[in-house]
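Residues per chain are reported as follows:
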Amino acid sequence: MWGGRFSTGPDAIMEAINASIEFDKRLGPQDIESSIAHVDMLGATGILNVSDVSAIKEGLEEILNELNSGEFEFSKALEDIHMNIEARLKDKIGNPAGRLHTARSRNDQVATDFRLWVRGQIDLTDKNIADLMRALLDQAQSGVSWIMPGFTHLQTAQPITWGHHMMAYVEMFARDRSRFKDARNRMNECPLGSAALAGTSFPIDRDHTARALEFERPTANSLDAVSDRDFALEFLNSSSICAMHLSRLAEELVIWSSAQFKFIDLSDRFSTGSSIMPQKKNPDAAELVRAKIGRILGANIGLMTVMKGLPLAYSKDMQEDKEQVFDAADSLSLALCAMKGMIQDLTANKENLEFAAKSGFSTATDLADWLVRVLNLPFRDAHHVTGEIVSLAERSGCDLSELELKDMQSINSDINEDVFKVLSVENSVKSRSSYGGTSPKEVQFQIDRWKKVLG
Ligand code: ARG
């Protein structure tokens, strides 16, 4: 492959460690796309003549068909996708094939192909996240005023609405989308024409190739361009945060679908049974979504570790970038689609949610606030009085709203009938009408805002 310089071929182990074709074959379509842009530019600048350009382009288009139809035969001896495609071009069109690599190196070629691939994945991810957000929005709308317990430390804290809980995730996934968008903007520069590391002496037109590949502009430093994998790292960073969000939501689905909570039913389509316990319906999809963060964050740390300490410019270490990114991208895409399916299909159990909201003295804060507002107690005193009332209710085995007025008066004699108004979970959520709060009216406001954004 290397012509004059080498007298023997590589050792089998050398071939095994060096070849990347097993995985970088996925870059085939991007490799053809960037080669077509390159050869067009070589024609436009007069570096190649018209007949060579059209022979090369026709050959590349045929190869793309072979790749798409699965006919293409990959060779390990040819190392990677770039050499495989070039060799195939030579088979097809003969000598002009050798001119395609004018003013280019595999270093700028792989940097360009991989950017195109990652950019495409960002676009796919953006769509997947938007779909999931729509599913959450539908859930929020159908239970906008359903009451459930809100937790801190996974202990009952205050009543909230189902809609509010769903919309919390809409906010999280919206931030993920904006992180991917930022990463896309930053990576949208074209490395092609940086050549091996120093640029080229041929009179190329880098704006031409950048435009053809829909990049914003050419990269401005050839050394940086061939040795930069920030775009892949930013994709993995954003993917990790998104996977972390998915993992938190998945964990809630696992908890909520348990026999102890019974907040939701997951559909059969996203559950499995047990081979020994006939009663079981396991939330496997949620568990696997919860686990995907392991691979995705692993890839993030893996590639970061590969890149640290590499001197400029290209080093072969960088070939280790692809498998990690491919695996993370596939995992994220699958996890987003599975989560969308689960959210779309699940049914929330309104009665159980409300029943749970009424236990655990969830309106204790409302009682304390009432003591401040109506009896003018300092909040710290109100907190103490409420604590005593909660303890009384606990001893009598009832909820706050089920206590007798005279029992409460035994703790603070100024308490009157009026207090019962704030002890119901309905009034509690209705009262939390501050911007971003849990009241159905506020939640509806946010749902409407997001409906407009998502279309
Ligand atoms: N397969 C290589 C990679 O993925 C392509 C670049 C090879 N460049 C080189 N100078 N050996 O990184």
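As a reminder, the structure under discussion sits directly above these lines.
Residues numbered from 1 in each chain as written. Predicted model: local features only at pLDDT ≥ 70, side-chain atom pairs only at ≥ 80, totals over all residues. Heavy atoms only, no water.

Novice: Describe the environment of Val 254, with residues and values.
Specialist: With respect to the helices and strands, Val 254 occurs in helix α10 (residues 230-256). Val 254 gets classed as buried once you look at its relative accessible area, which sits at 18%. Each C-alpha atom, one on Val 254 and one on Asn 282, is 8.6 Å from the other, the two residues being 28 residues apart in sequence. (Helix = DSSP H or I, 4+ residues; strand = E, 2+ residues; numbered from the N terminus. Buried < 20%, exposed > 50% of the residue type's maximum accessible area, 1.4 Å probe, protein only.)

Novice: I'd love a proper account of the state of the cysteines, names of residues and values included.
Specialist: One pass over the structure, following the stated rule, counts zero disulfides. Counting only cysteine sulfurs, Cys 337 is the nearest neighbor of Cys 242, a cysteine outside any disulfide, at a range of 11 Å. Here Cys 242 falls in the buried class, since its relative accessible area comes to 0%. Overall, the relative accessible area of 39% leaves Cys 337 in the partly exposed class. (Disulfide = S-S within 2.5 Å.)

Novice: I'd like to hear about the site of the ligand, residue by residue, with values.
Specialist: The ligand sits among Ser 20, Asp 24, Asp 80, His 82, Arg 106, Asn 107, Val 110, Tyr 314, Gln 319 and Lys 322. At 3.5 Å, a side-chain N or O of Ser 20 approaches a nitrogen atom of the ligand. Residue Asn 107 places a side-chain N or O atom 2.9 Å away from a nitrogen atom belonging to the ligand. About the coverage of the ligand: the protein hides 86% of its 340 Å² of free accessible area. Per element, the largest residue contribution to the shell around the ligand is three residues, and it comes from helix α6 (residues 106-142). Residue composition of the shell around the ligand, grouped by class: two nonpolar, four polar and four charged. (Near = heavy atom within 4 Å. Polar contact = N/O pair within 3.5 Å; in protein donor to acceptor, adjacent residues only side chain to side chain. Areas by Shrake-Rupley, 256 points an atom, 1.4 Å probe, with all protein chains shown as cover. Nonpolar A, V, L, I, M, F, W, Y, C, P; charged D, E, K, R; others polar.)

Novice: Describe helix α13 (residues 350-358), naming the residues involved and giving the relevant values.
Specialist: Regarding α13, the residues found buried are Leu 353, Glu 354, Ala 356 and Ala 357. Down the axis of α13, the sector holding all buried residues measures 160°, keeping them to one side. Turned more than 90 degrees off the buried face of α13, the exposed positions are Glu 351 and Phe 355. Among the structural elements, β1 (147-152), α7 (162-187), β6 (347-348) and α18 (425-431) are those in contact with the buried residues of α13. (Arc of directions from axis to C-beta. Contact = heavy atoms within 4.5 Å.)

Novice: Describe the packing of aromatic side chains, naming the residues involved and giving the relevant values.
Specialist: Taken as a whole, this structure holds eleven aromatic pairs when the rule is applied. Look at Phe 114 and Phe 326: their rings are 6.2 Å apart centre to centre, the planes differ by 90°, and that puts the pair in the edge-to-face class. Of the two residues, Phe 114 is situated in helix α6 and Phe 326 in helix α12 (residues 321-345); the sequence distance between them amounts to 212 residues. Overall, Phe 114 belongs to the buried group, its relative accessible area being 0%. On the basis of an interplanar angle of 55° and a centroid distance of 5.9 Å, the ring pair of Phe 180 and Phe 235 is categorised as tilted. You can see Phe 180 sitting in helix α7 and its partner Phe 235 sitting in helix α10, a full 55 residues away along the chain. For Phe 235, a relative accessible area of 0% puts it in the buried group. Taken together, the aromatic side chains of Phe 151, Trp 162, Trp 256, Phe 261 and Phe 263 make up a single cluster linked through ring pairs. The side chain of Arg 119 reaches across the aromatic face of Phe 215, ending 4.7 Å from its centre. Above the plane of the ring of Phe 114 lies Lys 322, whose end atom (NZ or CZ) is 5.7 Å from the centre. (Phe/Tyr/Trp six-rings, centres within 6.5 Å; stacked < 30°, edge-to-face > 60°. Lys NZ or Arg CZ within 6 Å of the ring centre and 35° of its normal.)

Novice: If you had to explain unusual backbone geometry to someone new, which residues and values would you point to?
Specialist: Cis geometry is found at the peptide bond from Leu 312 to Ala 313, where omega equals 0°. Relative to the assigned elements, Ala 313 resides in the loop between α11 (284-307) and α12. Positive phi, close to 55°, is recorded for His 153, a residue that is not glycine. By relative accessible area, which is 74% here, His 153 ends up exposed. In this structure, Phe 361 takes a positive phi of about 55° despite not being glycine. Summarising the element assignment, Phe 361 is placed in the loop between α13 and α14 (364-373). Residue classification places Phe 361 among the buried positions, given a relative accessible area of 17%.

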